[in-house]
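Chain residues, written in single-letter form:
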Amino acid sequence: MNPTDPLAQLNPLREPAAIGWWPLAPGWWLLIALLSIVAGVLAWRLIARYRRNAYRRQAITELQAIRKHWESDGNNSLCLTQTNALLKAVALRAFPRRDIASVSGEQWRDFLNSSSGTDGQFEIGTLQAQYQPSADADAADVGAHLDRSDRWCRNHRVTP
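Computed from a predicted model, the values in this text were never measured in an experiment.

How each quantity is defined
Residues numbered from 1 in each chain as written. Predicted model: local features only at pLDDT ≥ 70, side-chain atom pairs only at ≥ 80, totals over all residues. Heavy atoms only, no water. Helix = DSSP H or I, 4+ residues; strand = E, 2+ residues; numbered from the N terminus. Buried < 20%, exposed > 50% of the residue type's maximum accessible area, 1.4 Å probe, protein only. Contact = heavy atoms within 4.5 Å. Areas by Shrake-Rupley, 256 points an atom, 1.4 Å probe, with all protein chains shown as cover. Axes fitted to C-alpha atoms, helices over the stretch in contact; angles between N-to-C directions. Parallel < 35°, antiparallel > 145°, perpendicular 65-115°, else oblique. Nonpolar A, V, L, I, M, F, W, Y, C, P; charged D, E, K, R; others polar. pLDDT = per-residue confidence, 0-100. Core = buried A, V, L, I, M, F, W, Y, C linked by side-chain atoms within 4.5 Å. Salt bridge = Lys/Arg side-chain N within 4 Å of Asp/Glu carboxyl O. Phe/Tyr/Trp six-rings, centres within 6.5 Å; stacked < 30°, edge-to-face > 60°. Lys NZ or Arg CZ within 6 Å of the ring centre and 35° of its normal.

What follows deals with the overall build of the protein chain. The secondary structure content of the protein chain amounts to seven helices and zero strands. Counted from the first residue to the last, the protein chain has its helices and strands arranged as α-α-α-α-α-α-α. The buried share of the protein chain, taken over its 160 residues, is 29%. Long-range pairs, those at least 24 residues apart, make up 64% of the contacts in the protein chain with a sequence separation of at least 6. Carbon together with sulfur atoms contributes 59% to the accessible area of the protein chain, which is approximately 11500 Å² in total.

What follows is about the packing of helix H2 (residues 54-73) against helix H7 (residues 139-155). Two elements in contact, H2 and H7, have axes whose closest approach is 9 Å; the angle formed by their N-to-C orientations is 170 degrees. The orientation of H2 with respect to H7, classified from their angle, is roughly antiparallel. Residues Arg56, Ala59, Ile60, Leu63, Gln64, Ile66, Arg67 and Trp70 of H2 touch H7, and the partners they reach there are Ala139, Val142, Gly143, Leu146, Asp147, Ser149, Asp150, Cys153, Arg154 and Asn155. Classifying every residue of the contact of H2 with H7 gives nine nonpolar, four polar and five charged.

Considering every residue of the protein chain, the mean pLDDT works out to 86; 86% of them sit at 70 or more. When pLDDT is averaged over each element of the protein chain, helix H1 (residues 26-52) comes out on top at 97 and helix H6 (residues 124-128) at the bottom at 65.

Grouped together as the largest cluster of nonpolar side chains are 24 residues, with contacts concentrated most on Trp108, Phe111 and Trp152. Breaking this core down by element, the ones donating at least two residues are H2, helix H3 (76-94), helix H5 (105-115) and H7. If one sorts the elements of this core by residue count, H3 sits on top with seven residues. Excluding residues that lie within four positions of it along the chain, Phe111 makes contacts with Ala91, Phe95, Ile100 and Trp152.

Moving on to unusual backbone geometry. Residues other than glycine predominantly adopt negative phi, and peptide bonds predominantly adopt the trans conformation. In this structure, Pro23 follows Trp22 across a cis peptide bond, with omega equal to 0 degrees. With respect to the secondary-structure elements, Pro23 resides in the segment before H1.

When their charged atoms lie close together, side chains carrying opposite charge are able to pair. Throughout the structure, instances matching the rule amount to four salt bridges. The shortest N-O distance in the salt bridge between Arg109 and Glu106 comes to 2.7 Å. Placement of the pair is Arg109 and Glu106 together in helix H5, with a separation of three residues, close to one helical turn. What emerges from the salt-bridge pattern is a single network uniting Glu106, Arg109 and Asp110.

Turning next to the packing of aromatic side chains. Using the criterion set out here, one finds five aromatic pairs in the structure. Look at Trp22 and Trp29: their rings are 5.8 Å apart centre to centre, the planes differ by 75 degrees, and that puts the pair in the edge-to-face class. Considering the side-chain rings of Phe95 and Phe111, the 4.9 Å spacing of their centres and the 85 degrees angle between planes classify their relative orientation as edge-to-face. Of this pair, Phe95 sits in the loop between H3 and helix H4 (97-100) while Phe111 sits in helix H5; the two residues are 16 residues apart in sequence, bridging distant segments of the chain. Of the residues examined, Phe95 reaches a relative accessible area of 10% and is grouped as buried. A residue is classified by how much of its surface remains accessible, and Phe111, at 15% relative accessible area, is buried. Clustering of aromatic rings is evident, with ring pairs tying together Phe95, Trp108, Phe111 and Trp152. One cation-aromatic arrangement involves Lys88 over Trp108; the distance from NZ or CZ to the ring centre is 4.6 Å.

In structure tokens:
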């Protein structure tokens, strides 16, 4: 080492301390606040939607019970009566009462088909078979009616 060399007398360079992540910069606090608000609004809307659709879940459960009872006893007329009563109750819950309460026959079928949101079309024969005891519906028709009713309960579109 040369004593006259000034560079040789320098100490080695020291690395600065790493910058810590805490405290957060104001931009991060703003981002956290916005994400919290968005998450809260989304959770609130999902909970409200879940509560609004409680009647659908209840109707599907009741329809499954009707189907199970029909499969065990084979009473087509009773099954159609209970299914149509359930459809009417669901419609009264989901749609304005003044629009649904007095609807029957062709108008009822047209209402179910227009609000179904699916391609399954209700037939007037199975909707009115409960009123015609002499013309008992075929088991295949009843099964298809139960399937259409299930799809309607799951997919009907409520227009505000």
